[in-house]
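Residue-level listing of the chains:
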Amino acid sequence: FEDAGNNPLASHNIRLYDAADDTKIDGLEIEMLYNGAHVDVDNTTLVDTGAHGTAGAIAAESTARFTSRYVQRAAIMKSDHSYTGPVTGKVNMWVTYD
């Protein structure tokens, strides 16, 4: 996973931006989880979800359950002013299988 924004966070969570003008929001972020455990969003950390499907299967279905949650670390601010309003965050995800 990689934070698609311009200002990645040291916490390896997803930075949020004002949905209207793309200005970064401080104090609020999104944490990604797999089976309830923190997932680093840093374009480096791999998440092994175990075996899925059956070799040679024509139609196979499997689920890897990722969740996310908001984390507030400080007062929610935009450009050094209190902020309430819609936010957006984006993540790039790569899946490797063999």
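Provided above is the structure to which this section pertains.
Below is a short write-up of the structure. In every chain, residue numbers begin from 1 and rise along the written sequence. At least 70 in pLDDT is required for a residue's local features to be given in this predicted model, at least 80 for side-chain atom pairs to be given and counted, and no such filter applies to totals for whole chains, interfaces and linings, which use all residues. Note that water and hydrogens are dropped before the side-chain values are worked out from all heavy atoms of the structure.

Right, let's talk about a nonpolar patch on the surface for a bit. On the surface, Met93, Val95 and Tyr97 cluster together to form a nonpolar patch covering roughly 410 Å² of accessible area. Residue position: tyrosine 97 is located in the segment after strand 8 (91–92). You can call tyrosine 97 exposed: its relative accessible area is 73%. Here the term patch refers to residues with relative accessible area over 30% and no salt bridge, with like charges joined within 9 Å and nonpolar side chains (Val, Leu, Ile, Met, Phe, Trp, Tyr) within 5 Å. The accessible surface values rely on the Shrake-Rupley method and a 1.4 Å probe; as for residues, cover is taken only from the protein chains in view. Whenever Lys or Arg places a side-chain nitrogen within 4 Å of a carboxyl oxygen from Asp or Glu, that contact is recorded as a salt bridge. Only DSSP runs of H or I covering at least 4 residues are called helices, and only runs of E covering at least 2 are called strands; the numbering of each starts at the N terminus. Under the scheme applied here, a residue whose accessible area is under 20% of the maximum for its type counts as buried, over 50% as exposed, and between as partly exposed, the area being computed with a 1.4 Å probe on protein chains only.

Right, let's get into the layout of surface pockets. Approximately 830 Å³ is the volume attributed to the largest pocket. For each structure, a 1 Å grid was placed over the protein atoms alone; sets of points admitting a 1.4 Å probe that cannot get out are labelled cavities, open sets with protein on both sides within 12 Å along at least five of seven lines are labelled pockets, and lining residues have an atom within 4 Å of a point. Together, 20 residues line the largest pocket, and Val47, Thr49, Val95, Thr96 and Tyr97 are the ones closest to its centre. Split by residue class, the lining of the largest pocket holds 10 nonpolar, 8 polar and 2 charged. Estimated volume of the second largest pocket: approximately 160 Å³. For the second largest pocket, the full set of lining residues is Asp3, Ala4, Gly5, Asn6, Asn7, Arg15, Tyr17, Asp22, Thr88, Gly89 and Lys90. Charged means Asp, Glu, Lys or Arg here, nonpolar means Ala, Val, Leu, Ile, Met, Phe, Trp, Tyr, Cys or Pro, and polar covers whatever is left, Gly included. Class assignment of the residues belonging to the lining of the second largest pocket gives a composition of 2 nonpolar, 5 polar and 4 charged. Grid points are joined across faces, edges and corners, and a volume is the space filled by probe spheres set on the points.

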